[in-house]
Amino acid sequence: AQRVTQPEKLLSVFKGAPVELKCNYSYSGSPELFWYVQYSRQRLQLLLRHISRESIKGFTADLNKGETSFHLKKPFAQEEDSAMYYCALSGANNLFFGTGTRLTVIP
Amino acid sequence: DAGITQSPRHKVTETGTPVTLRCHQTENHRYMYWYRQDPGHGLRLIHYSYGVKDTDKGEVSDGYSVSRSKTEDFLLTLESATSSQTSVYFCATGGSEQFFGPGTRLTVL
């Protein structure tokens, strides 16, 4: 069965510090993984998808099939990164979301 | 963002009353979804549609029904609202990559 686990509900880091938001998944096939972000009072928006291998707003995420992980990383956190982050796994035209991690960047 | 709208954006209702939420898209996407967002649960799929009049259940479909009479509109109905259905409801369109509406905050008293 598909499952996405985000072990941290809350994460606080200081501005300029590195940040890593953890995501682990279980899926029997070849996974397609995403990170979505929800800023305060805004709708969810796509941040990253693993197949594009892009860096968006300084964030990167690498799919590690051996560890079944897709952790989101940024070397230097900014205050505007404070938001709710969801890891998601694509199934058959559905998305399975983790429970989310609320990131707070402390000035 | 303007391609997906939801109405109403906020609603307060009483237990036992029917409620219908509307999602409208101008993206001509075949797939549409309804999720609910609750603290500690993330987003959970309620129902989805893969075409006009084609719908299927998601993870938390009990107490909800949907209809899709045209490509642009996907309606979510709570037949008899309960307090456990107090939540923020998001509509989305797309497929493996999804695009979200602004959300509807529903409070059932």
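Right above here is the structure, for reference.
Quantities reported herein were computed from a predicted structural model and do not represent experimental measurements.

Draft legend 1. Highlighting the state of the cysteines. Evaluation of the coordinates by the stated rule reveals 2 disulfides over all chains. One disulfide bridge connects C23 of chain A with C87 of chain A, the sulfur atoms lying 2.0 Å from each other. Between C23 of chain A and C87 of chain A, the disulfide has an S-S torsion of -65° and is therefore left-handed. With C23 of chain A in the loop between β3 (19–21) and β4 (24–26) and C87 of chain A in strand β9 (residues 83–90), the pair connects residues that are 64 residues apart, well separated along the chain. The same class applies to C23 of chain A and to C87 of chain A, which are both buried. Across the disulfide from C23 of chain B sits C91 of chain B; the S-S distance is 1.8 Å. Residues C23 of chain B and C91 of chain B are joined by a disulfide whose S-S torsion is about -70°; by sign, that bridge is left-handed. Placement of the pair is C23 of chain B in strand β3 (residues 19–25) and C91 of chain B in strand β9 (residues 87–94), with a sequence separation of 68 residues. Residue classification places C91 of chain B among the buried positions, given a relative accessible area of 0%.

Draft legend 2. Region of interest: the sheet that holds strand β7 (residues 64–70) of chain B. All names here are of chain B. Strand order across the open sheet formed by 4 strands is β1-β3-β8-β7, with antiparallel pairing between neighbours. The sheet terminates laterally at β1 (4–7) and β7, the two strands that pair on one side only. Each strand axis lies, on average, 20° off the axis of its neighbour in the sheet, ignoring direction. Pairing geometry for β7 and strand β8 (residues 73–78), over 5 bridges, is antiparallel.

Draft legend 3. The layout of surface pockets, seen in detail. Put simply, the largest pocket is a space of about 600 Å³. Looking at the largest pocket, it is lined by 26 residues, and the ones nearest its centre are Q38 and R102 of chain A together with Q37, V88 and R105 of chain B. Class assignment for the residues of the lining of the largest pocket results in 8 nonpolar, 11 polar and 7 charged. Counted as a void, the second largest pocket has a volume near 300 Å³. Lining the second largest pocket are 18 residues, and of these L95, F96 and F97 of chain A together with L43 and E59 of chain B sit closest to its centre. Mapped onto the lining of the second largest pocket, the elements with two or more residues apiece are β1 (3–5) and β10 (95–97) of chain A together with β5 (42–51) of chain B.

Draft legend 4. Fine view of the sheet that holds β3 of chain A. Residues and elements named next belong to chain A. Across the sheet, which stays open at both edges, the 3 strands sit in the order β3-β8-β7 with antiparallel pairing between neighbours. The outermost strands of the open sheet, each flanked by one partner alone, are β3 and β7 (60–61). Bridge analysis of β3 against strand β8 (residues 72–74) gives 3 bridges, and the strand direction is antiparallel. From the neighbouring strand, E20 faces β8, where its bridge partner is K73.

Conventions and cut-offs
Residues numbered from 1 in each chain as written. Chains lettered and ligands numbered in written order. Predicted model: local features only at pLDDT ≥ 70, side-chain atom pairs only at ≥ 80, totals over all residues. Heavy atoms only, no water. Disulfide = S-S within 2.5 Å. Helix = DSSP H or I, 4+ residues; strand = E, 2+ residues; numbered from the N terminus. Buried < 20%, exposed > 50% of the residue type's maximum accessible area, 1.4 Å probe, protein only. Pairing = 2+ DSSP bridges. Axes fitted to C-alpha atoms, helices over the stretch in contact; angles between N-to-C directions. 1 Å grid on protein atoms, 1.4 Å probe; cavity = no way out; pocket = protein on both sides within 12 Å on 5 of 7 lines; lining within 4 Å. Points joined across faces, edges and corners; volume = space filled by probe spheres on them. Nonpolar A, V, L, I, M, F, W, Y, C, P; charged D, E, K, R; others polar.

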